[in-house]
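Okay, here's what each chain looks like letter by letter:
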Amino acid sequence: MTAEDIRRDTVFSRIGGALRGRDFRWWFAGQITSASGVMAQGVALSWWMLQKTGDAVWLSVLTFCTMGPTLVAGAWAGAVVDRADRRRLLIATQSVLMGVAAALTVLAATGTLAVWNVLAASLVSGCVMAIDSPARQVYVVDLVGADGVASAVGLWEVAINASRVVGPGLGGALLAGPGATACFGVNAGSYLAPLIVLLRMKARSAPRVSRAERKPARGAARDGVRYGFGSPVMRALLLMSAASGLIFSMGVSLPPLVQRALHQGGGGYGAMMAAFGIGGLPGALLAAAQPEPTGRRVRLLALVTAAAVVGIAISPTMPIAVAAMGILGLTSIWFIASANTLVQLRCAPDMRGRVMSLWGVAMTGTAPITGFGVAAVIQYVGPREGFSVAGIALGAAAVVGWRALRA
């Protein structure tokens, strides 16, 4: 066997490391289905809100309702996740999210869907997601163990980006056909797959927690915040996570860019999101194939991702914008998966839930605040300038954390 064969075998073994476990394989398949439904619904909600109100500020309000609870309760949610039976917790959260999607389906089908309905449903979903998101990330570690974290996180991004291809493409097609009602119905049905998987399996290394221990100890959330911000490396990564949240929450900036700068409809929006997902697939595989990521690689990927965002903002035509969106998908997913892995591997196991909650607070919890700023730029300056804010912010975060990520 040549050195090249050995290297190739090592790369493929890293990518498929987590997939050797039967439970993770089933979980992985269920998450592709569920995430695709969420993406289809997200496309419908953003486009419906823009069409209904004609004002990008309402997209920021929608983002605030969806992601605001993570900002407010993220640290507490992490303390809950660290002490809970993650499998049972996820059964509860996924069931509630399915119920919310079903309610939206009924309202849309009966013609009673209104702005306040959408905002209320988004607020409930946001409250549930504040716990669901860190629980899903830590549950992956329960399934594969610490040795499989890099592979599992990379494959998780594969699932998410497969959903970014399937979900927006499906959402765009449904918007052009039966409409938003079908998107909501698809999302409600998509939760059946992960629920069935969760009901049929148990995490290999799930913590056995007594009933008395399930309640978070006083000060547990505060300890998590102190721990997360006590390390220069963690602080730098959390700052980058906050900046990248604008990229992964494009419901505010992308619809106006597509509609007002590129002069496209719902199908064009779906095509842009699908291009992002297609580009993200190789990015996720590259992340899964790498050994433990380094700070240097993370900061370099952050700068390349920032440049890709600006490239999309200045794209003169739709084909160029779609191609640039594919490049952004590759670089941003490679970057965020590497940064996510670095955070999980360098934090203490008993703090993992709280640290990942801080990660969620930084990435999605701050989006409601930054989203209003982006919406203001879009409204008063222009959609291209508003879209470019994410790239400028990420580039600045990479420069600020440059020294902390030397190794």
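It should be emphasised that the depicted structure is a prediction, and the values quoted were computed from it without experimental measurement. (Residues numbered from 1 in each chain as written. Predicted model: local features only at pLDDT ≥ 70, side-chain atom pairs only at ≥ 80, totals over all residues. Heavy atoms only, no water.)

With respect to the confidence of the model for the protein chain
Argument step 1. Overall, the prediction assigns the protein chain a mean pLDDT of 79, with 82% of residues at 70 or greater.
Argument step 2. For the protein chain, the element scoring lowest by mean pLDDT is helix H1 (residues 3-15), at 46; helix H13 (residues 295-313) scores highest, at 94.
Argument step 3. Across residues 1-12, confidence stays below pLDDT 50; counting only partners more than four residues off in sequence or on other chains, it has 3 contacts.
Argument step 4. This model gives residues 203-214 a pLDDT under 50, and the stretch forms 19 contacts once residues within four places in sequence are excluded. (pLDDT = per-residue confidence, 0-100. Helix = DSSP H or I, 4+ residues; strand = E, 2+ residues; numbered from the N terminus. Contact = heavy atoms within 4.5 Å.)

Some words on the pattern of salt bridges
Argument step 1. Tallied over the entire structure, the rule returns 2 salt bridges.
Argument step 2. Of the charged contacts in the structure, one is a salt bridge between Asp85 and Arg88, with a shortest N-O distance of 3.9 Å.
Argument step 3. With relative accessibility at 55%, the residue Arg88 sits in the exposed group.
Argument step 4. Across the salt bridge formed by Arg136 and Asp132, the nearest N and O atoms sit 2.5 Å from each other. Taken together, the positions of Arg136 and Asp132, both in helix H5 (residues 115-144) and 4 residues apart, correspond to about one turn of that helix. The exposure classification of Arg136 matches that of Asp132, with both residues buried. (Salt bridge = Lys/Arg side-chain N within 4 Å of Asp/Glu carboxyl O. Buried < 20%, exposed > 50% of the residue type's maximum accessible area, 1.4 Å probe, protein only.)

Things to note about unusual backbone geometry
Argument step 1. One non-glycine residue with positive phi stands out, namely His263, at about 60°.
Argument step 2. Considering the arrangement of structural elements, one finds His263 in the loop between helix H11 (254-261) and helix H12 (266-289).
Argument step 3. With a relative accessible area of 63%, His263 lands in the exposed category.

A look at the packing of helix H10 (residues 232-248) against helix H17 (residues 383-400)
Argument step 1. Where H10 meets H17, the axes come as close as 8 Å, and the angle between the chain directions of the two elements is 170°. One element, H10, and the other, H17, form an angle in the roughly antiparallel class. When the axes of H10 and H17 are compared, the crossing they make is left-handed. On H17, the residues touching Leu239, Met240, Ala243, Ser244, Leu246 and Ile247 of H10 are Val389, Ala390, Ala393, Leu394, Ala397, Ala398 and Val400.
Argument step 2. Classifying every residue of the contact of H10 with H17 by side-chain character gives 12 nonpolar, 1 polar and no charged. (Axes fitted to C-alpha atoms, helices over the stretch in contact; angles between N-to-C directions. Parallel < 35°, antiparallel > 145°, perpendicular 65-115°, else oblique. Left-handed = near helix turned anticlockwise from the far one by under 90°. Nonpolar A, V, L, I, M, F, W, Y, C, P; charged D, E, K, R; others polar.)

Structural notes on the side chain of Ser190
Argument step 1. Mapped onto the secondary structure, Ser190 falls in helix H7 (residues 180-190).
Argument step 2. Look at Ser190 and you get buried, because its relative accessible area is 5%.
Argument step 3. A distance of 2.7 Å separates the side chain of Ser190 from the backbone oxygen of Asn187, its partner in a polar contact.
Argument step 4. Setting aside chain neighbours within four positions, we find Ser190 in contact with Thr33, Ser34 and Gly37. (Polar contact = N/O pair within 3.5 Å; in protein donor to acceptor, adjacent residues only side chain to side chain.)

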